[in-house]
Amino acid sequence: MRGDATTPEGDPGALAAVGAVSIPDRRALADRIAAIVVRAGGVGIIASILAILVFIVAEVWPLLGGARVVVDAKLSVDPPAQALLVDPYRSIVVSVDGDGHVRARSLESGSVVDERKVIDVSMSSLVAGLADPEGRFLALLDGSGSIAVVPIAWQVSFDQGQRKIAVEIGDPSSYQLPEDRLVMPFVARTTEDGSEVLAAHTATGQIALFRRSREVNDFTGETKESESRSFAAAPANLQHLVLDDEQESLFGSAAGGRIYRWDARPSLAPPIEVAQVDGDITALTLLLGGRALVVGLESGGLQVWFPTVAAEGHESLSLIRKFPPHASAIRHLTSSRRDKGFVAVDAADNVGLYYSTSERVLWRGPAQVEAVRAVVMSPKGDGIAMSGSQSISVLEVDNPHPDVSLWSLFAPVWYEGYSQPEYVWQSTGGTDDFEPKYSLTPLLIGTLKGTFYSLLIAIPLGVLGAMYVSQFMHPRLRNVIKPTVELMAALPSVVLGFLAGLWLAPRIEEVFSALLLMIVAFPVVIIVSGSLWERLPVRWRNRMPVGSEALVFAVTLALAGAGCLALNDAFEAAVFGGSFQTWLRSVVGLQYDQRNAIVVGLAMGFAVIPIIFAISEDAFSNVPRTLVSGSLALGANRWQTVSRIVLPTASPGIFSAIMVGFGRAVGETMIVLMATGNTPIRDWSPFNGFRTLSANIAVEIPEAPQFGTLYRVLFLAALLLFAVTFALNTLAELVRQRLRARYARL
Amino acid sequence: MTMLGMTSRRRSTERLGQVFTWMCAGALALNLLLAVGLLILIGMHGLAYFWQASVTEIELKDGTRLIGEVHGIEAVPTADAAWEGEQRMRLKIGNRDLYGLDFRWLRESEIETVTTPDEVVLLERLEWGNFYGRMVELRQAGSPVAAGSEAVLAALPDLHQRQMALRESIESLEHGEMGEVNYELEKLRLEERAVRMRGDDARASADLARMERTQAQLDERYRELAAELTAMRDRLHDVVLVMRDAGGQTKEIAVGEIVRVVQPNSMGTLASVRLYLGRIVEFVSGAPRESNTEGGIFPAIFGTVMMVFLMSFAVVPFGVLAALYLREYAKDGPMVRAVRIAVNNLAGVPSIVFGVFGLGFFVYLIGGTIDQLFYAEALPTPTFGTGGILWASLTLALLTVPVVIVAAEEGLAAVPRVVREGSLALGATKFETIWRVVLPAASPGILTGMILAMARAAGEVAPLMIVGMVKLAPSLPVDGYFPYVHLERKFMHLGFHIYDVGFQSPNVEASQPLVFATALLLVGVVIGMNFVAIVVRNRVRRSYATSAV
């Protein structure tokens, strides 16, 4: 210590202040400020842990919110629109109006920006309009039985940072049959290269499929149009038709709740009945991806049907989900082009916004128009446009995270293309219509699995080792051994992970049998070498500090380990018939992965041992000396004292050591990231890999857009980790605080 | 029993107790074995990386000749019954530009002869990894300078040195003047955007005109430099070494692309040791090559050290304040218990959670706000709104604050009561006592905490993967451009280097030895720091053990 530190230097006032009560104001002020700053530092610790908690909760919170829907625009129109489209920025609405015109109106001013007369209503009436779900055309069916497809082209341009949307209503192309009329229902789709597919019911009770393709010759610039037609039988009372994005399957519903499917490529095949819905179908749509059908019923019911893997070749659909029904019949359904969401409008003009994967009702409310005739979702899925008898309304939908619910995060979900509800984590996929699968359950199981196998190794080694060091070892030896074990804690986990993944894993695969042999051999070797040690002359033993046998055991164990490795091949041949992995696969039926739970258990166990060791050693050696001395004085031997006095007294400390070790293993990232295959499977087998919550965050968060669903789900994973470790650590600390108080009383 | 010296009849429980004791001893022995074994493993593999083994030439029974280094011999996997009981050899054949593969497995029965010819050379190259073969000819500007192994070897060092000097001047031009021009151009671009964002008035158009002139000057300068560089690069590829591989294939290698020429089989012990040390120096001070799988790790060392020091600026004051609160100011009660629980939780919450917090809070919230306010002209390219060394340091500071608190508390507790009371009795205020007496006395404890926190931070990877590390940082966070220290830059880190090279590199097999060397360095630094901390702590304890009496 510095000599001058104890006397206030160079301050004449300091000497005068000795014994005096008053302290100069400046010094008193400094004292008070320091007290405040120091207190703030203490509170700052609590504040930072709370800040972490609050911040993470705040990031997770919006995940569970529903959709916010507000009226964006409302226009009066006359005559009413039969079908409508909006642009991605919701500034223009294009509609099929009752007077046979297609009109584009600005949603801001309500003025008509473009129009085209398609049907002369004095010649034949407009029967129905149809809007392309992808926003590329509008179609009109007239009373004479022909259908006009009117292409709609949107142009987005930027002028001085201002976005300008222009719309162009193109030349209609007409579809008709020479000896037949096209009637309701009908459906059409186009592709980006301009080919059109149209399917319609005919007056003679057939289905007609038109395919028009346009081929542009790259050299001459000529376009060649070709049309093919095919026909197939239609069931009686056909009511609705939908066609998937690839124009491969045509679905139709008929009276009595029957759903049929036609193969539409290359030409129409006869219909197959694929589902029998309980009730009358009043509306039908396909979800994004074209596999799942949403069915609206006369009773107000809403159902999702899709083919399951078990039902081969799309031959039949299964009822997968039921949504809470509307009070009156569903009249219109439309699906989002962005995700698996859809909108339903019922006969009483109530609108509902739903999401298939998460089975969520996101919003329900009034349509803002009377007698809804058509409904469409905006291309970005952030608006709903509806036309009523006198007006068109556009609702703005703020719906950031429809795809997850608490239920879908933890419970099995029946995803499209799966044969049963499952727990799946698969956040990204190759295609636009991919259905993200955010089930945290396999990750939770992976976390517990890794923790279990590592604690299986760490608890016995850590606690028993600590007991030995604190109770049976000479202090001189203890002062060397204890820091050595604790130094293990300083090893960076990335190094452990690297060794586990690249060095240990391939070697364990080779010598797994030796590892099994060691489990049996080690206790035997310990007992044998213990007995031999005991037979050594007392004179020799006394020369070494108490507890040296641990060092002797280290040598014998190392030799035994080497022996086991040498015997690996022979043992493997004798017990497992040559190869453990083959034996495991053929006899037990388990797959052996190179990077598996045992490798992780060993590496993570290694990381957890020093933690458990240090805290339990503390608990053991803080047991009051008086208790130990008393026990020994009463004639108990060393082991009796340890097992009956020390262990019970220190047991809360051991418990808290295990809790802290558990917390460490739960949150460990690098080791599991490097030493497992990171496959999110749900399986307890020690011979395959897993993915933990923590590794999942490390793998996925660099790819997660800020404030997206994946981002928030990963924050939820972090919150879970936080909550688990917070609970464990708080419990451990409380136990330790009580233990300390108890030791102080003893 | 031994400890109490009582014997005679042994009851069975006693026997059992003895066995349990042995089991405890066995558990401890296993712990020690694991700890020591692991260190030996890393040490051996890490140090072996720099050692040049002899290079063997192998002739196979089918007539193929190969040159390479033997990397281990093992039994052929038993699954393959045809080769039951045979040994196989893993040969590093290098010459990636010719063969595509770095390694080849050779079965014992395939091999005809194994020799170690003296004249075989190993070329360490900037690209494509090692080349093993024989020297044929040295050419300058297309005409031969020397032919035959010995003549080439004699003529090579001078030319090699000249070409290396040329390469260095190219690099200094690229990073020096060229870099400066690029930097000025980028600055100009941002300035221009800022002026445009301000709106147009007379001053703005004057500014823009001025900028256009500067831009033209800079562009001109850039073209000059680029031409100069091209000329220098041509000269670099002027001197060529013609090599022949084991199979007789010849390959021209620009001398400027060669890092080192070694004749491993004719090297004396002294030369071997010098090579060994030279490689260590290169490893520690050199830049990485071939997407980090070769060359040095200097940027990673630099990034780690800088991040750790930045972190300690934040963590030490915070940790010491909290420790002072717990030890000197607070009275035992619910508040202290709450703080202790918070400290324990900060220590126990998984590091990845800190990373997630750092990303959301520091990077996106604070960094994003800073960008909006001060770097609006660079948007949408984020400046502070992306991972960087500052955010990484702050995140780690939060993570390591419990380490400092615990050590500082211990340091404070070790200061004897009498010292405090003496100071107070002399009329010092509590603050003066703490500032002038207690803290200086507790400083070794605080130092211990700081070292331990730095060691912890040096080894932590998971949170940094999220808030600022990159595989290959284009520039260090410190350079010659104002403001010299760039806290927003991404950086390289030793721990991440291990993960990245070990698991994400295109050639995991070939880069494994380098990862071992990096791991050895990291483990050495971390353990060394812990060791220093232990020594400091023990010394303090001892000094108080005597002074307190």
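Undergrad: Explain the overall build of chain A to me, please; I cannot follow it from the model alone.
TA: A tally of helices and strands in chain A yields 16 helices and 31 strands. Relative to its length of 746 residues, chain A is extended, with a C-alpha radius of gyration of 37 Å against a globular reference of 27 Å. Taking the principal axes of the C-alpha coordinates as reference, chain A spans close to 120 × 90 × 55 Å. Relative to its 746 residues, chain A shows a buried fraction of 47%. The long-range share in chain A, meaning contacts at least 24 apart out of those at least 6 apart in sequence, stands at 60%.

Undergrad: Got a minute to help me understand the packing of helix H16 (residues 709-745) of chain A against helix H8 (residues 351-374) of chain B in this structure?
TA: For any two helices packed against each other, the geometry comes down to the angle between their axes and how far apart the axes lie. Where H16(A) meets H8(B), the axes come as close as 9 Å, and the angle between the chain directions of the two elements is 135°. As judged from the angle between their axes, H16(A) and H8(B) are oblique. Classified by chirality, the crossing of H8(B) by H16(A) is left-handed. Packed against H16(A), whose contacting residues are Leu714(A), Phe715(A), Ala718(A), Leu721(A) and Phe722(A), the element H8(B) presents Ile352(B), Val353(B), Val356(B) and Gly360(B) at the interface. Residue composition of the contact of H16(A) with H8(B), by class: eight nonpolar, one polar and no charged.

Undergrad: Would you explain the environment of Val403(B) in this entry?
TA: Residues and elements named next belong to chain B. Considering the arrangement of structural elements, one finds valine 403 in helix H9 (residues 389-414). On the neighbour-count criterion, valine 403 (25 C-beta atoms within 10 Å) is buried. Valine 403 sits 64 residues away from valine 467 along the chain, and the two C-alpha atoms are 21 Å apart.

Undergrad: Hey, could you run me through the interface of chain A and chain B in this one?
TA: It is common to report an interface's size as the accessible area lost on association of the parts. Facing the 96 residues of chain A at the interface are 90 residues of chain B. In terms of residue count, the dominant contributor to the side of chain A that touches chain B is helix H2 (residues 25-60) of chain A (20 residues).

Undergrad: Is there a simple way to explain the sheet that holds strand E28 (residues 383-387) of chain A in this structure?
TA: Think of a sheet as strands paired side by side through backbone hydrogen bonds, with each pair either parallel or antiparallel. All names here are of chain A. Spatial ordering of the open sheet is given by E1-E29-E28-E27, a layout of four strands whose pairing is antiparallel. Whereas interior strands pair on both sides, the edge strands pair on one side only; in this sheet they are strand E1 (68-76) and strand E27 (374-377). Averaged over neighbouring strand pairs, the angle between their axes works out to 15° when direction is ignored. Here E28 runs beside strand E29 (residues 391-398); their pairing, made up of five bridges, is antiparallel. Paired with alanine 385 across the two strands is valine 394, which belongs to E29.

Undergrad: Sorry if this is basic, but what is going on with helix H7 (residues 334-348) of chain B here?
TA: Residue pairs three or four apart in sequence face the same way in an α-helix, which turns once every 3.6 residues. Taking 1.5 Å per residue as the helical rise, H7(B) with its 15 residues ought to reach 21 Å, and the 20 Å between its terminal C-alpha atoms agrees with that figure. Burial in H7(B) covers these residues: Val339(B), Ile341(B), Ala342(B), Val343(B), Asn344(B), Asn345(B), Leu346(B), Ala347(B) and Gly348(B). Those residues of H7(B) hidden inside the fold are in contact with H2, helix H13 (638-667) and H16 of chain A together with helix H6 (298-329) and H9 of chain B.

The rules behind these values
Residues numbered from 1 in each chain as written. Chains lettered and ligands numbered in written order. Predicted model: local features only at pLDDT ≥ 70, side-chain atom pairs only at ≥ 80, totals over all residues. Helix = DSSP H or I, 4+ residues; strand = E, 2+ residues; numbered from the N terminus. Rg over C-alpha atoms; globule rule 2.2 N^0.38 Å. Buried ≥ 20, exposed ≤ 12 C-beta atoms within 10 Å, placed from the backbone. Contact = placed C-beta atoms within 7 Å. Axes fitted to C-alpha atoms, helices over the stretch in contact; angles between N-to-C directions. Parallel < 35°, antiparallel > 145°, perpendicular 65-115°, else oblique. Left-handed = near helix turned anticlockwise from the far one by under 90°. Nonpolar A, V, L, I, M, F, W, Y, C, P; charged D, E, K, R; others polar. Pairing = 2+ DSSP bridges. Expected span 1.5 Å × (residues − 1).

By themselves, these observations are geometric and do not establish any function.
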